[in-house]
Amino acid sequence: PKIGKKSSASSKKWVRMIHHGSAEACKEYLDNAGFQIYSTALSDDSVSLYSLDLSSGKVALAFGNEQRGVSSELVEASKSNFLIPMFGMIESLNVSVAASISIYEAVRQRIVAGNYNTVSLSPEQYQQAFTDYSWK
């Protein structure tokens, strides 16, 4: 999607975006890169976000919009289907809120696991990332 000039435009330069033509192409890319895919959908086999191990390895979180949700192809490709526990009459959150809560939980788990205590990039990768982002 095109990001508006006023909303989130300044953060666009810090996020590497890759567009895939289909759920299958996305799954293939993530599998080849070593990611575990977790998707959000309200179903009988959904587990709590807080029961997922988001602290080890590469993780891809798939979110759908409020109307259609995550595609059935992506749900099938996922290691697990999760939900954010909620109480009351509302069944779901706005997608940006759900993504924020989920990413924060992944960061929280990684902090507890000590994943951020050392640099995980090689010196070459670190220098390349520094160079790439310095030009932005």
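Here, the structure is the one placed above.
Residues numbered from 1 in each chain as written. Predicted model: local features only at pLDDT ≥ 70, side-chain atom pairs only at ≥ 80, totals over all residues. Heavy atoms only, no water.

### Considering the nonpolar core
Turning to step 1, where the next piece is worked out: The biggest cluster of nonpolar side chains holds 8 residues, and these are Tyr38, Leu49, Leu52, Leu54, Phe82, Ile84, Ala98 and Ala106.
Turning to step 2, where the next piece is worked out: Beyond its immediate stretch of four places on either side in the chain, Phe82 contacts Tyr38, Ser39, Thr40, Ala41, Ser46, Val47, Leu49, Leu52, Leu61, Phe63 and Ser102. (Core = buried A, V, L, I, M, F, W, Y, C linked by side-chain atoms within 4.5 Å. Buried < 20%, exposed > 50% of the residue type's maximum accessible area, 1.4 Å probe, protein only. Contact = heavy atoms within 4.5 Å.)

### Comments concerning the sheet that holds strand β4 (residues 80–83)
Turning to step 1, where the next piece is worked out: Sheet architecture is open: 4 strands sit in the order β2-β4-β1-β3, paired in parallel fashion. Only two strands of the sheet have a single partner each, and these edge strands are β2 (47–48) and β3 (58–62).
Turning to step 2, where the next piece is worked out: Against the sheet, helix α2 (residues 23–32) engages β1 (35–40) and β3, with an angle of about 140° to β1. (Pairing = 2+ DSSP bridges. Helix = DSSP H or I, 4+ residues; strand = E, 2+ residues; numbered from the N terminus. Axes fitted to C-alpha atoms, helices over the stretch in contact; angles between N-to-C directions.)

### With respect to the packing of aromatic side chains
Turning to step 1, where the next piece is worked out: Within this structure, the stated rule accounts for 1 aromatic pair.
Turning to step 2, where the next piece is worked out: Measuring from ring centre to ring centre gives 6.2 Å for Phe63 and Phe82, while their planes differ by 85°; the resulting arrangement is edge-to-face. Here Phe63 is found in the loop between β3 and α3 (72–77), whereas its partner Phe82 is found in strand β4, with 19 residues between them in sequence.
Turning to step 3, where the next piece is worked out: Take Phe63: its relative accessible area is 25%, and that puts it in the partly exposed class.
Turning to step 4, where the next piece is worked out: In this structure Phe82 comes out as buried when scored by relative accessible area, which is 1%. (Phe/Tyr/Trp six-rings, centres within 6.5 Å; stacked < 30°, edge-to-face > 60°.)

### Considerations on the pairing of β1
Turning to step 1, where the next piece is worked out: As paired strands, β1 and β3 are joined by 5 bridges and run parallel to one another. Considered in β3, the bridge of Gln36 is made with Val59.

### What to know about a negative patch on the surface
Turning to step 1, where the next piece is worked out: On the surface, Glu24, Glu28, Glu73 and Glu76 cluster together into a patch of negative charge.
Turning to step 2, where the next piece is worked out: Of all the secondary-structure elements, those providing two or more residues to the negative patch are α2 and α3.
Turning to step 3, where the next piece is worked out: You can see Glu76 is positioned in helix α3.
Turning to step 4, where the next piece is worked out: Under the relative-accessibility criterion, Glu76 is labelled exposed at 67%. (Patch = residues over 30% accessible without salt bridge, like charges linked within 9 Å, V, L, I, M, F, W, Y side chains within 5 Å. Areas by Shrake-Rupley, 256 points an atom, 1.4 Å probe, with all protein chains shown as cover. Salt bridge = Lys/Arg side-chain N within 4 Å of Asp/Glu carboxyl O. Lys, Arg positive; Asp, Glu negative; His and termini not counted. Charge placed at Lys NZ, Arg CZ, Asp CG, Glu CD.)

### Digging into the pattern of salt bridges
Turning to step 1, where the next piece is worked out: Considering all chains together, one arrives at 2 salt bridges under this definition.
Turning to step 2, where the next piece is worked out: Here Arg108 makes a salt bridge to Glu105, at a shortest N to O gap of 2.8 Å. Of this pair, Arg108 and Glu105 both sit in helix α4 (residues 95–112), separated by 3 residues, roughly a single helical turn.

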